[in-house]
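# Architecture at a glance
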Amino acid sequence: PLGSAAVACPKARDHDGAIWDALAMGEEALIRRADTSAFDWKGTHRLFGSVVHAVCFGLIARVDENEIDGHMGYYDLITADDDEVQKRLALLEYAM
């Protein structure tokens, strides 16, 4: 069952979390270098939404602002500068 596989392989969860973080931060080069063969590109994440949401909007859920960088660790397509917008669009194209 899916539940036991997730418990049996915590590294897979950590790896997926890193991919979601990289998508939300617009890290195209990191995503291109990462092993995403087991990543569920059609899946959703409780903080980031879908892959499209993560790339375009960064973080869609409230985070603890007392954590390192808090919500400022994630930027989005709307508030980004021109270079960042181009990087996010390239990442979005790669992800699709």
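Quick look at the structure, then. Going along each chain's sequence as written, the residues are numbered from 1 onward. Totals for whole chains, interfaces and linings use all residues, but because this is a predicted model, local features are given only for residues with pLDDT of at least 70 and pairs of side-chain atoms are given and counted only at 80 or more. The basis for the side-chain values is all heavy atoms of the structure; hydrogens and waters are excluded.

### Describing the packing of aromatic side chains
Aromatic pairs are defined between Phe, Tyr and Trp rings, using the six-membered ring for Trp, whenever the two ring centres lie within 6.5 Å; interplanar angles under 30 degrees are classed as stacked, those over 60 as edge-to-face, and all others as tilted. Tallying each qualifying case throughout the model produces three aromatic pairs. With 4.9 Å between their ring centres and 80 degrees between their planes, phenylalanine 39 and tryptophan 41 make a pair best called edge-to-face. Taken together through their ring pairs, the aromatic side chains of Trp20, Phe39, Trp41 and Phe48 make up a single cluster.

### A look at the side chain of threonine 36
One can find threonine 36 in the loop between α3 (28–33) and β1 (44–45). Exposure classes here rest on a 1.4 Å probe applied to the protein chains alone. A residue is buried below 20% of its type maximum, exposed above 50%, and partly exposed in between. Overall, threonine 36 belongs to the buried group, its relative accessible area being 13%. What threonine 36 contacts, discounting residues up to four positions off in sequence, is Ile19, Ile31 and Trp41. Secondary structure is summarised from DSSP: a helix means a run of H or I of at least four residues, a strand means a run of E of at least two, and numbering begins at the N terminus for each. Residue contacts follow a heavy-atom distance rule, with two residues in contact if any of their heavy atoms lie within 4.5 Å.

### Structural notes on the nonpolar core
Grouped together as the largest cluster of nonpolar side chains are 17 residues, with contacts concentrated most on Trp20, Leu23, Phe48 and Val51. At the level of elements, α2 (10–24), α4 (51–57) and α5 (82–95) are the ones that each hand at least two residues to this core. No other element matches the five residues that α2 contributes to this core. Apart from residues lying up to four places away in sequence, valine 51 is in contact with Trp20, Leu23, Phe39, Trp41, Gly43, Ala95 and Met96. Among buried residues, the Ala, Val, Leu, Ile, Met, Phe, Trp, Tyr and Cys ones that are joined through side-chain atoms within 4.5 Å form a nonpolar core.

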